[in-house]
Amino acid sequence: MTVKTMPSVDSQPEIVLTHWSAVRISAEGQHWDVLLGWCELNHCGRVTTPFMEFVGGQGTAITPSGRRYRLAGVPGRCDDALNVYQQTFGHIPHKRQDITAEYMEKMGGEGSG
């Protein structure tokens, strides 16, 4: 499986993720949160870059590039996104922690959409 090249932020400024989960990556004393999920628009699993802001009331993460990832529905598992995660981060020694519940709480306990 190869990683798809995704459209630019200008052409797709917002991506909606379903079957999503949140993961904290820890390596060398640093921590980053990323989202994994299914992107219906591109028909593939997606993994966000580490995001700099999360707007809980909107269920939206904003990455340094300015792209907005909106979480829709309830959390879930997306095997395609897990494969992308492994291809992206698998070669880097790190710890992965599922923090989906933390983001559910920030969203008021329910998925949006």
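Rules of the game
- Along each chain, residues carry numbers from 1 onward, in the same order as the chain's sequence is written.
- Confidence filtering applies because this is a predicted model: local features only for residues at pLDDT of at least 70, side-chain atom pairs given and counted only at 80 or more, and all residues used for totals across whole chains, interfaces and linings.
- Heavy atoms from the whole structure form the basis of all side-chain values; hydrogens and water molecules are not counted.
- Strands qualify as paired when DSSP identifies two bridges or more between them.
- The helix count covers DSSP runs of H or I at least four residues long, the strand count covers runs of E at least two residues long, and both are numbered beginning at the N terminus.
- Contacts are residue-level and defined by heavy atoms, with any inter-residue pair within 4.5 Å sufficient.
- Note on ring pairs: Phe, Tyr and Trp rings are taken, using the six-membered ring of Trp, and paired if centres are within 6.5 Å. Classes follow the plane angle, with under 30 degrees stacked, over 60 edge-to-face and the rest tilted.
- Only protein chains enter the accessibility calculation, which uses a 1.4 Å probe; a residue whose area is less than 20% of its type maximum is buried, one above 50% is exposed, and one in between is partly exposed.
- Note on terminology: disulfide denotes any pair of cysteine sulfur atoms within 2.5 Å.

Turning next to the pairing of strand β2 (residues 30–39). When strand β1 (residues 14–27) meets β2, the two strands line up antiparallel, connected through nine bridges. Directly across from Ser26, in β2, lies its bridge partner His31. Counted along the chain from β2 to the antiparallel partner strand β3 (residues 44–47), the turn is four residues long, and its residue His43 has a positive phi close to 55 degrees.

So, on to the environment of Ala81. Examined against the element boundaries, Ala81 turns out to sit in helix α1 (residues 79–89). For the pair Ala81 and Leu36, spaced 45 residues apart in sequence, the C-alpha separation works out to 5.6 Å. The contacts of Ala81, once residues within four sequence positions are left out, are Leu36, Gly37, Gly45, Arg46 and Val47.

Across all of its chains, the model carries four aromatic pairs by this definition. Seen in terms of ring centroids, Phe51 and Phe54 are 6.2 Å apart; in terms of plane orientation they differ by 45 degrees. Their pairing is tilted. Exposure class is identical for Phe51 and Phe54. Each is buried. Aromatic pair Phe51 and Tyr103: ring centres 5.7 Å apart, planes at 75 degrees, arrangement edge-to-face. Here Phe51 is found in the loop between β3 and β4 (53–55), whereas its partner Tyr103 is found in helix α2 (residues 100–106), with 52 residues between them in sequence. Tyr103 gets classed as buried once you look at its relative accessible area, which sits at 2%.

Moving on to the environment of Thr49. Mapped onto the elements of the fold, Thr49 is located in the loop between β3 and β4. Put simply, Thr49 and Thr88 are 39 residues apart on the chain and 10.0 Å apart in space, counted from C-alpha to C-alpha. Contacts of Thr49, omitting those with residues within four sequence positions, involve Asp33, Val34, Thr63 and Pro64.

This part is about the state of the cysteines. Inspection of every chain in the model, using the stated rule, returns zero disulfides. Of all cysteine sulfurs, the one in Cys44 lies closest to Cys78, which takes part in no disulfide; the gap is 8.5 Å.

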